[in-house]
Amino acid sequence: MSFPQRLIDGYSAFASGRLQSEQNRYRELAERGQQPEIMVIGCCDSRVSPEVIFDAGPGELFVVRNVANLVPPFETQGTYHGVSAALEFGVGVLKVKHIVVLGHAHCGGVRAFAEDAEPISPGDFIGRWMSLMAPAAEKVGARGKLSRAEFLERLEKASVVNTLDNLMTFPRLNKLIERGAVAIHGAYFGVATGQLSVLDRATGEFRPAKK
Ligand SMILES: [Zn+2]
């Protein structure tokens with residue numbers, strides 16, 4: 001199969017449009033390196049692209065995306081830690097000032113966890129990865145009288161809060177947060193409405209950001 005024509009067409013539109021207006025910025029960024037102040041931890045979901053939602057240009061956001069925007073707690077055992085490596089670089093080298101965990105509605109990863117979905121492959125990578133949100137699910141408790149949609153939204157939002165807790169387990173980052181050098185935030189994107197909500201950590205509520 002050849003390289004997707006959609007990408008060739010998209011690149012062509014980029015090269016004749018956005019690249020034209022941002023060529024200087026790209027050159028400058030190439031010379032002096034990237035210095036994004038904001039790191040976003042988002043989901044792989046194709047509907048929830050941080051650069052699109054936040055209208056960001058090149059060099060503005062340091063983004064790590066994974067299934068269901070999770071961060072495993074700090075640990076030095078094991079082998080390959082993609083999120084920890086991105087955090088290490090974002091915090092230690094780029095010295096980002098903000099880390100935003102961006103959850104979203106209709107998250108397939110959260111739904112797979114909630115519905116205890118059958119493994120897709122023998123490796124059950126999603127199942128094992130999504131077990132990271134078990135503490136969040138415990139806090140939410142049973143579905144009770146909530147509709148399926150309401151329950152999943154609660155889980156999605158609780159998982160964002162749990163991920164913020166996991167960020168606090170990274171010793172270096174923890175110190176920077178306590179010193180006020182780095183702030184961590186939770187946010188939630190409503191895919192159908194396009195509404196962004198921001199977590200008020202004092203109350204635990206997600207409040208709609210102004211459109
Ligand atoms: Zn998702």
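Everything below is about the structure printed above this text.
Residues numbered from 1 in each chain as written. Predicted model: local features only at pLDDT ≥ 70, side-chain atom pairs only at ≥ 80, totals over all residues. Heavy atoms only, no water.

Trainee: Honestly, the coordination of the zinc ion in this entry has me stumped. Any pointers?
Mentor: Coordination angles at a metal have ideal targets, namely 109.5 degrees for four tetrahedral donors and 90 or 180 degrees for six octahedral donors. Here the zinc ion is held by the protein donor atoms C43 (SG), H104 (NE2) and C107 (SG), which lie 2.0 to 2.3 Å from it. As a motif over one chain, the donors of the zinc ion read C-x60-H-x2-C. The two residues H104 and C107 agree in class, both being buried. (Donors = N, O, S within 2.8 Å, 3.2 Å for Na, K, Ca; no water. Buried < 20%, exposed > 50% of the residue type's maximum accessible area, 1.4 Å probe, protein only.)

Trainee: Please clarify how the nonpolar core should be interpreted in this entry.
Mentor: In a soluble, globular protein the nonpolar side chains are often hidden away together inside. Core analysis: the largest hydrophobic core is formed by 26 residues, its most contacted members being M39, I41, V71, L87, I99, L167 and L173. Per-element tally for this core: the top contributor is helix α4 (residues 82-92), with four residues. Residues within four places of L167 in sequence aside, it is in contact with I41, V71, L87, I99, V101, L173 and I184. The next biggest cluster of nonpolar side chains, apart from the first, holds 13 residues, and it includes M130, L132, M133 and L146. (Core = buried A, V, L, I, M, F, W, Y, C linked by side-chain atoms within 4.5 Å. Helix = DSSP H or I, 4+ residues; strand = E, 2+ residues; numbered from the N terminus. Contact = heavy atoms within 4.5 Å.)

Trainee: Looking at this structure, I do not really get helix α9 (residues 171-179). What am I missing?
Mentor: Side chains of residues three or four places apart in an α-helix project in the same direction, reflecting 3.6 residues per turn. All of the buried residues in α9 are L173, N174, L176 and I177. Buried residues in α9, looked at end-on, bunch into an arc of 165°, giving them a common side. Exposed residues lying more than 90 degrees from the buried face of α9 are R172, K175, E178 and R179. Check the buried side of α9 and you find it contacts α4, β3 (98-104), α8 (148-167) and β4 (183-189). At the C-terminal side of α9, G180 shows a positive phi close to 85°. (Arc of directions from axis to C-beta.)

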